[in-house]
Amino acid sequence: MTAESLSPPEAAEETEPTPLRMRSVMGTFASGVTVVTGIGPGGAPVGFACQSFASVSLEPALVLFCADHRGRAWPGIRESGRFTVNILAAEQTDLCGRFGSSRGRKYEGLHWELSRWGTPSLPGVLTRVHADVYDVHGAGDHDVVVGRVLALETVADREPMLFFRGGFGVDSPAPAVAAPDVWGWGDHWG
């Protein structure tokens, strides 16, 4: 390729990465939604909604999620050393709301079961990934948590929950202004 054969780049808005701009731009990347669960201090179930989840390696089987340092559930999960990632179905907005807010009622009135791995399994999810904490890397205001997969559990075959532009589903209208309390951003998941 020569410089003459390259077409000019599309006009784009380039700005500094302020928290508000990061929220807006990163919201254009549609992601699945999960609830990471575990057992905290005193044997109490804990959990938080998490959209930063990915497969890392097939051999060994590793996954990762990101947890906010300020979150209340992550320290308990870290201490116990084991977690379950519950991958949500499209219609599970109530379950997502329970775990996506520090003001959520989490397990109150929710029928859940303890997995054979000693972690909470949530009802009606698409998939569960049971894992041990393998490694933790500090990255800004979050920890990148790598988990060694112990077992995979397929529960249902339905449409996944997607988070896009501050809402659920790819047809979510873009908010005029990404407010600080938009679900999933203002509550500091983790």
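Residues numbered from 1 in each chain as written. Predicted model: local features only at pLDDT ≥ 70, side-chain atom pairs only at ≥ 80, totals over all residues. Heavy atoms only, no water.

Moving on, we get to the overall build of the protein chain. Of regular secondary structure, the protein chain possesses three helices and 12 strands. A separation of at least 24 residues holds for 64% of the contacts in the protein chain among residues at least 6 apart in sequence. When the accessible area of the protein chain is evaluated, it comes to approximately 10,800 Å², of which 56% is carbon and sulfur surface. (Helix = DSSP H or I, 4+ residues; strand = E, 2+ residues; numbered from the N terminus. Contact = heavy atoms within 4.5 Å. Areas by Shrake-Rupley, 256 points an atom, 1.4 Å probe, with all protein chains shown as cover.)

On to the side chain of S121. Assignment of secondary structure puts S121 in strand 8 (residues 120-121). Classification of S121 by relative accessible area gives buried; the value is 8%. Discounting chain neighbours no more than four positions away, the residues touching S121 are N86, W112, E113, S115, R128 and H130. (Buried < 20%, exposed > 50% of the residue type's maximum accessible area, 1.4 Å probe, protein only.)

Here the focus is the pairing of strand 6 (residues 82-87). Direction of pairing for strand 2 (residues 34-39) relative to strand 6: antiparallel, over a ladder of four bridges. When the sheet's bridge partners are listed, V35 is paired in strand 6 with N86. The sheet contact formed by strand 6 and strand 9 (residues 127-139) spans six bridges and is antiparallel. Looking across to strand 9, one finds that N86 is bridged to R128. (Pairing = 2+ DSSP bridges.)

Further remarks concern helix 2 (residues 73-80). Taken as a whole, helix 2 has its buried residues at A73, W74, G76 and I77. End-on, the buried residues of helix 2 take up no more than an arc of 160°, which puts them together on one face. Lining the buried residues of helix 2 we find strand 2, strand 3 (45-50), strand 5 (62-68), strand 6, strand 9 and strand 10 (142-154). Just downstream of helix 2 lies G81, where phi reads positive at about 85°. (Arc of directions from axis to C-beta.)

Another aspect to go through is the pattern of salt bridges. Note that side chains of opposite charge can pair when their charged atoms are close. Across all of its chains, the model carries nine salt bridges by this definition. D132 serves as the salt-bridge partner of R82, at 2.6 Å between the closest nitrogen and oxygen. Of this pair, R82 sits in strand 6 while D132 sits in strand 9, placing them 50 residues apart in sequence. For D132, a relative accessible area of 14% gives the class buried. (Salt bridge = Lys/Arg side-chain N within 4 Å of Asp/Glu carboxyl O.)

Let us look at the confidence of the model for the protein chain. In this model, the protein chain carries a mean pLDDT of 86, and residues with pLDDT of at least 70 account for 85%. Residue range residues 176-190 is modelled with pLDDT below 50. Its contacts to residues more than four positions away, or to other chains, number 43 contacts. (pLDDT = per-residue confidence, 0-100.)

The next subject is the sheet that holds strand 11 (residues 162-164). On the basis of which strands lie adjacent, the open sheet formed by three strands has the order 1-11-12 and antiparallel pairing. If you trace the sheet from one side to the other, it starts and ends with strand 1 (31-32) and strand 12 (167-168), each paired once. Bridge count between strand 11 and strand 12: two bridges; the pairing is antiparallel. Opposite F163, over in strand 12, you have F168 as the bridge partner.

Our focus in this paragraph is the sheet that holds strand 9. Pairing is antiparallel across the open sheet formed by seven strands, whose spatial order is 3-2-6-9-10-5-4. Edge strands, defined here as strands with exactly one partner in the open sheet, are strand 3 and strand 4 (53-57). Within the sheet, the average angular offset between the axes of one strand and its neighbour, ignoring direction, is 35°. Summarising the sheet, strand 4 and strand 5 pair through four bridges and their orientation is antiparallel. Bridge pairing links F53 to F65 in strand 5. (Axes fitted to C-alpha atoms, helices over the stretch in contact; angles between N-to-C directions.)

What follows covers the nonpolar core. In globular proteins that are soluble, nonpolar side chains generally tend to be buried together. Ranked by size, the top nonpolar core spans 16 residues in total, and within it V36, F48, F65, W74, I77 and F83 carry the most contacts. Listed by contribution, the elements that provide at least two residues to this core are strand 3, strand 5, helix 2, strand 6, strand 9 and strand 10. I77 has contacts with V36, T37, G38, I39, V46, F48, R82, F83 and V133, leaving out every residue within four places of it along the chain. Residues A49, Y107, L110 and L122 belong to the second largest nonpolar core, which totals 13 residues. (Core = buried A, V, L, I, M, F, W, Y, C linked by side-chain atoms within 4.5 Å.)

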